[in-house]
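Analysis of the macromolecular model
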Amino acid sequence: MELKEKIEELNGAIDSASITNKGEQEAFRIQFLGSKGAIKNLYELLKSVPNESKKEFGQLINEVRAKAETKLTTAEDVLATSTQNQSHGLDLTRPGETTELGARHPLSIVRNEILEIFKRIGFTVSEGPEIEDDWHNFSALNFPPNHPARDMQDTFFITKGDGTDPKKEMALRTHTSSVQVRVMENSKPPIRTVSPGRVYRNEAISARAHCFFHQVEGLYIDKDVSFADLKQTLLYFAKELFGEKANIRMRPSYFPFTEPSAEVDVSCTLCHGKGCNVCKYTGWLEILGCGMVDPNVLDASGIDSTVYTGFAFGMGIERIAQLKYRVTDLRLYSENDIRFLQQFKAAH
Ligand code: DAH
């Protein structure tokens, strides 16, 4: 047989050789690359080739050898990793496991949406502590000591002082209005801020009440801030949150920290004012409390009430979530039932 044909035959044999285990790997090495192997044999035959053809054939044989070597090292690598994987109990031929994407909590979705709306009109976001002193939660907000208005919110008290220093009496904050005071103490007007957070009240847990829930507080302090500014800001908010058709109305109310105070209703998001069982056939749904910041609160927080005025508002995030998602049992928001939470996957 011509040397050329032998080289081609060997090329084919290398291509078709299969190496799937250590035994085959060693057999391949001996057959093709061993000291008595096929390639060695070709080099022997090269000796009898006429001188002028030696270069050409030499090159061809070198190529076959390189091919055999590459095939051998590749096979070695593959076998080494697969033994490694087997020893880790890995089977790379099995289908992959997909990781399920989590979902945002509905209250986070609604909170973020509320904050985004106010950020668009220049409000910053500020936060305060959940364990709060009496000064920030009550006294500075114009709740006099022993005043019945303190009973509007059933408080979880932590340490009772001797009544002389409200900063020494600690409680779980009953509302995020406490953050208003902290912001005013620490910054100068103009102030425009929204403060989200968890608040606590000593209430029996039921579908309609919980011992903790979430609020967003709003505060705007500057020269010449008027009730009209408050109304327009809240109308803008309602339209951004519930859609262009939304309308609001204000009813006079009482809060110690605002004067005058109002409660705000939004036109029913379901029937748009016609009357349905969600709005109890009134066409309106209560969503927040608000008012002009009482001068006593400004002065207590270090803001000159003869120069500045401002408005404040506070809303419950659960309440807004109830209206947006029609989830009426408050307990669902804190039970972390995965079947409930997963339903909000598509929401954001
Ligand atoms: N802090 C009130 C509450 O928890 C809500 C509220 C009402 C906040 C009126 C305000 C306000 O800032 O002006 O029920």
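Calculation notes
Residues numbered from 1 in each chain as written. Predicted model: local features only at pLDDT ≥ 70, side-chain atom pairs only at ≥ 80, totals over all residues. Heavy atoms only, no water. Helix = DSSP H or I, 4+ residues; strand = E, 2+ residues; numbered from the N terminus. Phe/Tyr/Trp six-rings, centres within 6.5 Å; stacked < 30°, edge-to-face > 60°. Buried < 20%, exposed > 50% of the residue type's maximum accessible area, 1.4 Å probe, protein only. Near = heavy atom within 4 Å. Polar contact = N/O pair within 3.5 Å; in protein donor to acceptor, adjacent residues only side chain to side chain. Areas by Shrake-Rupley, 256 points an atom, 1.4 Å probe, with all protein chains shown as cover. Nonpolar A, V, L, I, M, F, W, Y, C, P; charged D, E, K, R; others polar.

With omega at 0°, the peptide bond leading from Pro-189 into Pro-190 counts as cis. Note on placement: Pro-190 falls in the loop between helix 7 (177-186) and strand 5 (191-200). Geometrically, the link from Glu-259 to Pro-260 is a cis peptide bond, its omega value of -5° lying close to zero. Within the element layout of this structure, Pro-260 appears in strand 8 (residues 258-267). Positive phi outside glycine occurs at Asn-336, with the angle close to 55°.

Below, the discussion takes up the packing of aromatic side chains. Scanning the entire structure with this criterion turns up 14 aromatic pairs. Ring centres of Phe-118 and Phe-237 lie 4.9 Å apart, and the angle between their planes is 20°; this geometry places the pair in the stacked category. Here Phe-118 is found in helix 5 (residues 106-119), whereas its partner Phe-237 is found in helix 8 (residues 227-242), with 119 residues between them in sequence. Both residues of the pair, Phe-118 and Phe-237, count as buried. Aromatic pair Phe-118 and Phe-313: ring centres 5.1 Å apart, planes at 25°, arrangement stacked. Of this pair, Phe-118 sits in helix 5 while Phe-313 sits in strand 10 (residues 309-316), placing them 195 residues apart in sequence. For Phe-313, a relative accessible area of 1% puts it in the buried group. An aromatic cluster of at least three residues, connected via ring pairs, comprises Phe-118, Phe-123, Tyr-220, Phe-237, Phe-311 and Phe-313.

With that settled, consider the site of the ligand. As a matter of local geometry, the ligand sits amid 16 residues, with His-175, Ser-177, Arg-201, Gln-215 and Glu-217 nearest to it. Gln-180 places a side-chain nitrogen or oxygen 3.3 Å from an oxygen atom of the ligand. With respect to the ligand, the backbone of Ala-312 contributes an N or O atom lying 3.2 Å from an oxygen atom. Contact with the protein chains removes 91% of the 350 Å² of surface that the ligand exposes when unbound. Class assignment for the residues of the shell around the ligand results in five nonpolar, nine polar and two charged.

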